[in-house]
Every structure is written in structure tokens, then in C-alpha cells.
Amino acid sequence: MAEEKKAQASGVWPKVKPFVNGGASGMLATCVIQPIDMIKVRIQLGQGSAGTVTRNMLKDEGVRAFYKGLSAGLLRQATYTTARLGSFKMLTNKAIEANDGKPLPLYQKALCGLTAGAIGATVGSPADLALIRMQADATLPVAQRRNYTNAFHALYRIVADEGVLALWKGAGPTVVRAMALNMGMLASYDQSVEFFKDNLGLGEAATVVGASTISGFFAAACSLPFDYVKTQIQKMQPDASGKYPYTGSLDCAMKTLKAGGPFKFYTGFPVYCVRIAPHVMMTWIFLNQIQKAEKKIGL
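Cut-offs used in this document
- Residues numbered from 1 in each chain as written.
- Predicted model: local features only at pLDDT ≥ 70, side-chain atom pairs only at ≥ 80, totals over all residues.
- Heavy atoms only, no water.
- UniProt positions renumbered as here; feature names shortened; annotations may be inferred.
- Helix = DSSP H or I, 4+ residues; strand = E, 2+ residues; numbered from the N terminus.
- Salt bridge = Lys/Arg side-chain N within 4 Å of Asp/Glu carboxyl O.
- Buried < 20%, exposed > 50% of the residue type's maximum accessible area, 1.4 Å probe, protein only.
- Contact = heavy atoms within 4.5 Å.
- Patch = residues over 30% accessible without salt bridge, like charges linked within 9 Å, V, L, I, M, F, W, Y side chains within 5 Å.
- Areas by Shrake-Rupley, 256 points an atom, 1.4 Å probe, with all protein chains shown as cover.

- Taking an unreviewed UniProt entry as the reference, the protein chain is identified by name as Mitochondrial dicarboxylate/tricarboxylate transporter DTC belonging to Hibiscus sabdariffa.
- The Subcellular location (unreviewed entry) field of the UniProt record for the protein chain holds the comment "Membrane".
- Recorded in UniProt for the protein chain, the comment headed Sequence similarities (unreviewed entry) runs: "Belongs to the mitochondrial carrier (TC 2.A.29) family."

Quick look at the structure:
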């Protein structure tokens, strides 16, 4: 029996555990953060400040509007965060082995974060597209609304109306944005944990809170310009002649820069930062609690 358990421990579960834990922690965090994410998208779509958007949503659509697209958000975490956190753990473990067990320098952590972000975004792009469309739907004229009922209905309709490849519409900026976000989030988190533990001697709770706050800020600062372009590409509609406002992410970036200057890319930064930092913090906290629970039951 002991040999069987040992074989199981060295089998499939240790390999899939980082992916399962990452996806579960991301989904739990999303349940809490979804209302802030909804406000952020409305701000980027030009509906006003955080206060104005919140009041209008409550007045016109009710509390349920803050959770519109939650199914797509959970599906996104089940794909994107599962892949990125699992990949980052595996990549860093391999890098540490190659480094004779020594802590990784920051640039190696950044490279692992970039790679994990690209993998996660490629896997999660269809769910991300469904999420953006569901959140933006209420801002469109009634005749142009897609009226998706849930994430799976959105994916079905996209495939039926636009083809399978449409699921990866805007995947280019999505991948680039994810690479920037994960470089900022994952590398700075690991580096901050080492600093708080080794240099400052902080306890576990203070380390998680401090490192998560720092990584959340860097994740937001690195990724918001790409997030803005990605959102514009994914929610664009053709005009009467069938022409889209942007030919691609570079065209969108150049037109945005020309029309509003570089700070236009940081539209909604305070709300975006407030949304990213708590999500990062709760993701790591949930992950830590999941790992503790697994350890207690022998997983």
C-alpha cells in the first residue's frame, strides 16, 4: 500500500497539481473581482469615471449587471490561469534544477513569466473573447447586441457565425498583453517573496500581502496598454459597408496614440490597478490555502 501511494506521488498528480491549483485559485479570485472588472471594461469603452459607471449600472441594469459574463470569466480562469500558473511552476522548477537548486535571477523569472503568459493566453483566448463580448454587449445599440446567454452559448455562436478561427480574434494582442502581465506579476512576486522572507524576515501572511501588492502594481503597469488595445480589437463592430475601424492591433495602437497621446493607453488605470492587485493577492492567498489543505490530506 505504501509503495502504491509512493508510485502515485511520483506519477500523474505531481505533474498536474500546479495546473489544478492555479486554475482553482484563479476561479475563486474571479468570483470576488468580477464587479470591479466589469466597471473597468465599461470605463475603457468610454462610459465615464468609475463612480459614473457604477451609478449608471445600478440605476439602469441592477446589481446583476456587475456579474454579467461571470461564466466566461470562470471559464477563462479555468483555461488561462490553469495554463499560465501551472506552466510557470514547471518552468521555474526546471530552471532551478538547471541552476543547481539556487534561486533564479530576476531575468530568468521574467523569461519564465513571459513564456507562461504566452502559453496561458493561447489556451484561454476563446474564453477571453467571450468574456469581453458579454461585458460589452449592454453598451451596444439594441440592434447590434449579440445577447449571449452564457460563455458556452457565446463560444457556440462565435463558431457558428464567424468560424472556428474567430475564437482567436485578437489573440495577438491577448498573447502580448499576457506576456507583459505575467512578466510583471510572476517575476516580481517571486522576487518580492525572496526579499521579504530573506532580507526582512517577515512572516508568511505579511510576505504574501506585500509581495502580491508589488506584483499587482507591476502587472497593471506593464499590461494595461496592451489590455486597452486588446479590448478595442475584440469589441469592434463593422460599419454599414462592412469595414472595421482597425485593421489590427498595431493600427489600433497608432490611431489611439495619434488621437489621445500615450496616456490614452492608461485609461482606467486606477480601477485596473485596484482590480489587478486584489486579484493577484487573492489568487496567491487561495493558492496557499489550497496547498495547505492538500498537504493535510496527503496530496
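Thoughts on the UniProt feature "repeat: Solcar" (unreviewed entry) in the protein chain
- UniProt records the feature "repeat: Solcar" (unreviewed entry) at residues 17-94, 104-195 and 203-293, using the numbering of this structure.
- Within residues 104-195, the helical portion is 74% and the strand portion 0%, while the C-alpha atoms at the span's ends are 13 Å from each other.
- From the first C-alpha to the last, residues 203-293 spans 19 Å; its make-up is 76% helix and 0% strand.

Brief notes about the pattern of salt bridges
- Counted by the stated rule, this structure contains nine salt bridges.
- Arg76 is paired through a salt bridge with Asp128; the nearest N and O atoms lie 2.7 Å apart. Of this pair, Arg76 sits in helix α4 (residues 70-98) while Asp128 is found in helix α5 (residues 106-136), placing the two residues 52 residues apart along the sequence. Judged on exposure class, the residue Arg76 and its partner Asp128 are both buried.
- One salt bridge connects Asp227 with Arg177, and the closest N-O pair in it is separated by 3.2 Å.

Brief notes about the environment of Asp190
- Tracing the sequence through the fold places Asp190 in helix α7 (residues 171-199).
- The contact partners of Asp190, leaving out residues within four places of it in the chain, are Phe88 and Lys109.

Topic: a nonpolar patch on the surface
- A surface patch of nonpolar side chains, about 240 Å² in accessible area, is lined by Val12, Val16 and Val20.
- By the element assignment, Val20 lies in helix α2 (residues 13-44).
- We classify Val20 as partly exposed; its relative accessible area is 43%.

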